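So the chains spell out like this:
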Amino acid sequence: MFNSVVPVVSSLLVGFTLVTSLAHAATEATQPTSADDAAIELERIRVQGQFRQLTVNETPTSVATISASMVAERGAMHLDEVLQGVANVNFAGGSSRARFIQIRGIGERSQFVDPINPSVGLLIDGINYSGLGQAAQLFDISQVEIYRGPQSGRFGADGMAGMLVLESTRAKAEHSGEWLLGIANYGGRRAGLALGGAVGALGDARLSIYQQRDDGFTENLYLQRDDTQQRSERAVRLNVFTELGSDWSLRSTLHSYRQDNGYDAFSLDNTRQSYADQPGEDDLTQQAVRFAATFSGWQYSELLLAYSYLNADSKYSYDEDWSYPGIAPGWEYASVDSYQRQRQDHSVEVRWLSTQPQVWLGLPTDWVLGLYAYQRDEDMQRDFMNWDIDQQDRFVSSYQSRHLALYGELVQQLSDRWQLTTGLRLERYRNPYQDSNQVAAKPSDSMWGGRLSLSYQTLAGGMWYSTLARGYKTGGVNGEALGKVSGQLDTELGQFLQQRATFAPELLTSYELGYKYINDSDTLLFNAALFYQDRNDVQLKSWINRQQQFVGYIENAASGNSYGAELELRYRFTEQLQSFAALGWLESDMQGFVTEDGVDMSGRELAYAPNHQANVGITWQPLEQLSVTLQTDYKDSFYYSDSHNSRSAAVQLWHASVDWQLADWHLSLWARNLSDQDYGIRGFYFGNDPRIEYAPQTYEQWGEPRRVGFTASYSF
C-alpha cells in the first residue's frame, strides 16, 4: 500500500509546489521583462489542425502541443516515446510500436481479423494515417498537436475521440539543414539528414531521411538471442512548395516508410525473457503522396483543392503458444498466427474559405465550406492453425470503406471580445465486406457532427471558452464472429454471435469549459479544461476464448460517459529556471455491457482510462550553452480490456537530459525511465501456459525499460 501511494503523493506535491509558486508569482509575471529576457520567453505556438492557423490560446478546444525541443528533451524519435507526458492520453502495445492511441479513455487497442474504424485519427502532413501509428517517426517534425475531445466536424469519423496532427518542418527559401547521429543502449543507433531551400522553378523544398535500429528489449532464452524484438525503421519525407503564377500555389508531399521489426513481446513468466521458438514479425512498407493546390486570386476568399494517396503493406505475426516443443510434454501446442494486409487510401477535398471577415447578419464573419470524399480498400490474408479441422488454414477478406462529407464552419465576432464558432459536418458511409467464410455485408448509414463554441477574450489577455461538440464513428460487421456461426461452435454460442453480426455507429457528445492564458511577457502559460462526455451505442471489443481459440467481436453497449479535467502550466522563474506541468483527471464508466460468459460490466471504468496522469518537470540553464531537464510521468492503474478485469499497475517514470549548444552543434545526453520500472502497456487474461495446465492468468507486455543515449546534431 505504502509503495503504491508514494508515487501519487510525490507527483501531487511537486504539482502543488508549482501551482502555489505560480500563484505567488502571478502578479510579477505580468510585468514586462528586460531586453535580456526576450530570448527566454515562452513560445506562442501556432497550430495547423484547424481550418485556419491559430495560436493554442486562440483555439476553443483542449489541445496539447509537443514541440521539437520537448521531443529532444526526452531523447525521443517516435510518437510512442513522448505520449506518456500528455494528460488524458494513453497508448496500447501488442506490437513493436504503438499503433493505437486512446484519448480520454476512448480508442482502439488492437487489430486482428476484422477491419477497424479508428476513434482517434492521425494526420501527417495532411495525409490520413489513422490506424498506422507505427509510422509516426518524429525526426524533422516541427510539432505534434493532440486535440482532445470530438473533432468529427473538422476531421470526420476518424476524429470521434480526438486527433493527432504532425507537421514536418516548413521549407524555406534559405538553404539550411541538419544531420543527426545517435547511439543508445540495447543496440540503439540512429541517423538523420534534413535538407531544405530554394530549388529553382520548383520553389522551396525540404527533404528528410531518418533511419533507426535497436535490438528490442526481449531476451529469447530458447533461441539464445537478444534481438527477437529488434526494430529497424526508415522514414523519408519530402515537401515542396511551388508558386504557380500570381494566384496559384502548390504543396507537394511525398512519404516513404519501411519498418522491419520483430515481435516477441509476451512471456509465459511475465518477464522480458521469452521462450518462443517462432518469434513474430511486425513489418510495414508504406508510401504516400499529397498534392494541395491553393487559388488565391479572389479578393476575400481562397480555394483549396487536395488529393492524397496512401499505400500500405503490412505483416503482423506472433508465436501463439509463446513456447517451444518439450516445455510441457502432453500439454503443449504449437502454432503461429499471421496477418498480411494491403491497404490503399484515396481522398479528394475541395475547401472554400474566407481570407477576410465578411459582414453577415451585421456581424464580421469568417466562413469555410468544403466537400470531402474518401475511400479505403483493405485486403487481408490470415494464415493460422485452425483447431476446428486440426490443420493449417487460410482466411482472406476484402473491406471497402467509402465516405462522402459536406462540411462548413462560421466564426462570428459578436463584439470586440465575444466570438461564436459554429461548425457542422454531414457524412455518408458505405463499408462493403466479404470473406472466404462466405460472409458478406454492406453496412451503411448517415452521420453528423460538429461544434458550437463561444469564447471570450478577457482584458488580462486570457480566453474563456465553452464548446458543445458531437463526434461519430462508423458501424461495421463482425466478420470473424459470423464465420463461426456456420456450426463450427455449439448452437448456443452460434446464436450469441449471430445476434452480434453487425454493430451500429457510435455517437459522442462533449461539453467542455476552458480557460487559456499567456501573459504579456510570455513567461507564464496556463491552460485548463473541464469536460463531460456522453456516449451512445458505445462500440466495445469483446472476446470469446474456447480451448485456445479466440473469437473477437465488437458490440454496442447502451451508453457510457466520462468527465474530468486537463491542466497545463509553464512558468519561467528566472533566466535560468523554467518549470512545466501537465495534469489529467478522468472518471469513466460504461452501461449495458455483458460479456459472453455473463459478467455484467455496467458501472466499470473504460479500458485504458487511468484516473490520474501527470507530467511535471524543470529545466535549469546554468550557462547560456548548457541546459539540464528533469521530469517525471505518473500514470494511474487502468483496465487492459472492456471484457475482463485485469489491470496495469500505477507507474512513475523519471527522465533526464543534459543539452549543450556549441555554435551549430547540439549535443544531448538523455535517459528515459531512469529507475528502470517495469510497467504494462498491453494485457490479456487467458490460459496459455502448459506448465500449469492452461490456468487463466494475466499476461502483460512491458513498456520501454531504462534507455540511455547520446545524440549529436549539426545545423547548417
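None of these values were measured; they are calculated from a predicted model.

A.B. asks: I keep staring at the side chain of glutamine 578 and nothing clicks. Help me out?
C.D. replies: Structurally, glutamine 578 can be placed in strand β33 (residues 577–591). Given a relative accessible area of 11%, glutamine 578 falls into the buried group.

A.B. asks: What should I look at first to understand the sheet that holds strand β9 (residues 162–168) in this one?
C.D. replies: Strand pairing within a sheet occurs via backbone hydrogen bonds; the two strands may be parallel or antiparallel. The sheet built from five strands is open, its strands ordered β3-β8-β9-β6-β7 with mixed pairing. At either margin of the open sheet sits one strand with a lone partner, and together these are β3 (62–67) and β7 (127–128). Both strand β8 (residues 141–148) and β9 contribute to a ladder of seven bridges, which runs antiparallel. Considered in β9, the bridge of isoleucine 146 is made with leucine 164.

A.B. asks: Help me out: how do you make sense of the confidence of the model for the chain in this one?
C.D. replies: As a general rule, the predicted coordinates of low-pLDDT regions are not to be interpreted in detail. For the chain, the mean per-residue pLDDT works out to 91, and 92% of the residues sit at or above 70. For residues 1–40, every residue scores under 50 in pLDDT, and the model assigns this stretch 34 contacts once sequence neighbours within four places are set aside.

A.B. asks: Just to check I follow, could you spell out the nonpolar core for this structure?
C.D. replies: Soluble globular proteins tend to bury their nonpolar side chains together. With 41 residues, the main nonpolar core has Tyr129, Ile146 and Leu164 as its most contacted residues. In contact with tyrosine 129, not counting residues within four places along its chain, are Leu122, Ile124, Ala135, His255, Gln286, Ala288, Leu310 and Arg343. Listed in part, the 26 residues of the second largest apolar core include Phe112, Ala265, Trp322 and Phe684.

A.B. asks: Is there a simple way to explain the packing of aromatic side chains in this structure?
C.D. replies: Ring pairs (aromatic) are described by centroid distance and by the angle formed between their planes. Scanning the entire structure with this criterion turns up 40 aromatic pairs. Relative to tyrosine 694, the ring of tryptophan 331 has its centre 6.5 Å away and its plane inclined at 55 degrees; by these criteria the two rings are tilted. Here tryptophan 331, found in the loop between β18 (301–319) and β19 (336–354), pairs with tyrosine 694, found in the loop between β38 (680–686) and β39 (697–702); they are 363 residues apart in sequence, far enough to count as distant. With 6.4 Å between their ring centres and 70 degrees between their planes, phenylalanine 684 and phenylalanine 686 make a pair best called edge-to-face. Here a set of aromatic residues connected by ring pairs shows up, and it is made of Phe112, Tyr263, Tyr316, Tyr318, Tyr339 and Trp543. A cation sits over an aromatic face here: arginine 382 above phenylalanine 384, 4.2 Å from the ring centre. Over the ring of tryptophan 448 we find arginine 470, and its NZ or CZ is 3.9 Å from the ring centre.

A.B. asks: Explain the pairing of β9 here, please?
C.D. replies: For a regular strand, side-chain orientation follows a simple rule: the groups alternate between the two sheet faces. Counted residue by residue, β9 has seven buried out of seven residues, so it is predominantly covered. Note that strand β6 (residues 120–124) and β9 share five bridges and pair parallel. Directly across from valine 120, in β9, lies its bridge partner glycine 162.

Rules of the game
Residues numbered from 1 in each chain as written. Predicted model: local features only at pLDDT ≥ 70, side-chain atom pairs only at ≥ 80, totals over all residues. Heavy atoms only, no water. Helix = DSSP H or I, 4+ residues; strand = E, 2+ residues; numbered from the N terminus. Buried < 20%, exposed > 50% of the residue type's maximum accessible area, 1.4 Å probe, protein only. Pairing = 2+ DSSP bridges. pLDDT = per-residue confidence, 0-100. Contact = heavy atoms within 4.5 Å. Core = buried A, V, L, I, M, F, W, Y, C linked by side-chain atoms within 4.5 Å. Phe/Tyr/Trp six-rings, centres within 6.5 Å; stacked < 30°, edge-to-face > 60°. Lys NZ or Arg CZ within 6 Å of the ring centre and 35° of its normal.

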